[in-house]
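# Structural description and commentary
Residues per chain are reported as follows:
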Amino acid sequence: MSLVCQKWSKEFGSPSVWKNFRFYLTESQLLTDTCPVMKSVRKYSNMLQHVEIYYNAVTLNRQLIYTWCKYFIEFSQILASNSQLMSVEFGDFFDCFGVIDTPKYNDMCRAIDEFLESQRHLKRAEFHNCSFEFNEGVELLRKLSEHSLTHLVLRGFVVSDSLDREEYAIFLEHSLKLADFPSLSTFETDYSLIFENMVANLSNDIQAIQSCQTRVLSKLILYYCDDTEIEDFRGLMSTDWRLMIKLYPDLQVELINIKDYGRRRVMEFFIVSNMPISRLKYRIWGIEIAVLFDHLLACKTNDHLVTLQLECEEPIQHFFSTFIPFLQACKELKCLELSVIYPTSGIDLLLKSWLENPLESLEKVIIDVWSIDDEAEYQSLIKLTTGYTFILKLRGLNIRVDLHFKDSYTETIVIV
């Protein structure tokens, strides 16, 4: 860019060009004696405000992986010396940590720690698939608590939550609380030992309760990871969430990727009374879906629900009689995404119910019907759903029905 002409060369050094920067080295850049990215970083680092740092696992060459670590440490040191960032994002370090030795891992953690300590204006920090060792992760989080963060993401933050009793006791004594992040408005995280104790320990913070008017957390996005063994956790109780609401009156909770394969414990573990769940993404297999609706109503989840994304293996006719009353009880529901498998008897009853008794708050509906293998019924469904969706659209409902026909080789989709 800078070699095109004098005007472009001048603009190449303007702050607007360097405001956002992504540290993402390719294998060809790692093979050069002098990485051109590092040359630019040394020259323009004082202009950086929003930085993404991702490990790009394009090589199995152990030497090149260590070269990447060298450049990363140098980059972190440059940022610590010359930059005051507004946001930083780390990603995919897991692929690197699985190769390097312990001394190099410690060097990288130290570089991140020193970088975080140097920053004074950091408002947003994100960690995706980094998998730090537990102790290093806790220490980095402690460094983050020294900043006035408004947005924090911890996805795949630590490699494992498993601790022995002595380690767990020490962790409980020194663990952080959500109240240690008073400026945080959005917190996105996996369900983990760190998260659980950040919430559970609020009950011991009388000072935070007394100054709850200063707390601004309004969105908690909580993910369930496949490798999470809920038996290893205490679980957050209704009393914990009652205190959360007291501390954060505007809080909305989004529960994402809850996968229930017939263990009712999953349902009762994640969804309890006093949780202000505004979005629920739930996959249920091997258990009657009516049990889920009963549990949601018992916990009064319907009072807050704005978005419901539901995937199940039952045909609609099996849960139609409980589904419609549940939807009618959701007075704030705006978006419904429903994924079911063939056979689809009952879809007409669902669409017809919205014609006869429309949900006032509902604005958008997406229904996916999978694995239809009967050609005659497939054509019949197209005609049936087309008629209903046409009328519902005229009445103002943004509705789409996706019919997936599966033959021996492919799966065809028709959007109605």
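See the structure shown above.
Residues numbered from 1 in each chain as written. Predicted model: local features only at pLDDT ≥ 70, side-chain atom pairs only at ≥ 80, totals over all residues. Heavy atoms only, no water.

### Some points on the layout of surface pockets
- One number sums up the size of the second largest pocket: a volume of about 260 Å³.
- Along the walls of the second largest pocket sit 15 residues, with Lys281, Gln309, Leu310, Glu311 and Ser339 positioned nearest its centre.
- At the level of elements, β8 (252-260), β9 (277-284), β10 (307-312), β11 (335-341) and β12 (364-372) are the ones that each hand at least two residues to the lining of the second largest pocket.
- Of the residues that constitute the lining of the second largest pocket, the class distribution is 6 nonpolar, 3 polar and 6 charged. (1 Å grid on protein atoms, 1.4 Å probe; cavity = no way out; pocket = protein on both sides within 12 Å on 5 of 7 lines; lining within 4 Å. Points joined across faces, edges and corners; volume = space filled by probe spheres on them. Helix = DSSP H or I, 4+ residues; strand = E, 2+ residues; numbered from the N terminus. Nonpolar A, V, L, I, M, F, W, Y, C, P; charged D, E, K, R; others polar.)

### Digging into the side chain of Thr189
- Mapped onto the secondary structure, Thr189 falls in strand β6 (residues 186-190).
- A relative accessible area of 2% means that Thr189 is categorised as buried.
- At a separation of 3.4 Å, a polar atom in the side chain of Thr189 contacts the main-chain carbonyl oxygen of Leu154.
- Not counting the four nearest positions on each side in its chain, Thr189 is found in contact with Leu154, Arg155, Phe195, Leu220, Ile221, Leu222 and Tyr223. (Buried < 20%, exposed > 50% of the residue type's maximum accessible area, 1.4 Å probe, protein only. Polar contact = N/O pair within 3.5 Å; in protein donor to acceptor, adjacent residues only side chain to side chain. Contact = heavy atoms within 4.5 Å.)

### As for the packing of helix α8 (residues 134-144) against helix α10 (residues 193-200)
- Taken N-terminus to C-terminus, the directions of α8 and α10 make an angle of 45°; their axes are 11 Å apart at the nearest point. The angle between α8 and α10 places the two elements in the oblique class. Crossing angle aside, the handedness with which α8 passes α10 is right-handed. Seen from α8, the contacting residues are Phe134, Val138 and Leu141; seen from α10, they are Leu193, Ile194 and Met198.
- Per-class residue counts for the contact of α8 with α10 are 6 nonpolar, no polar and no charged. (Axes fitted to C-alpha atoms, helices over the stretch in contact; angles between N-to-C directions. Parallel < 35°, antiparallel > 145°, perpendicular 65-115°, else oblique. Left-handed = near helix turned anticlockwise from the far one by under 90°.)

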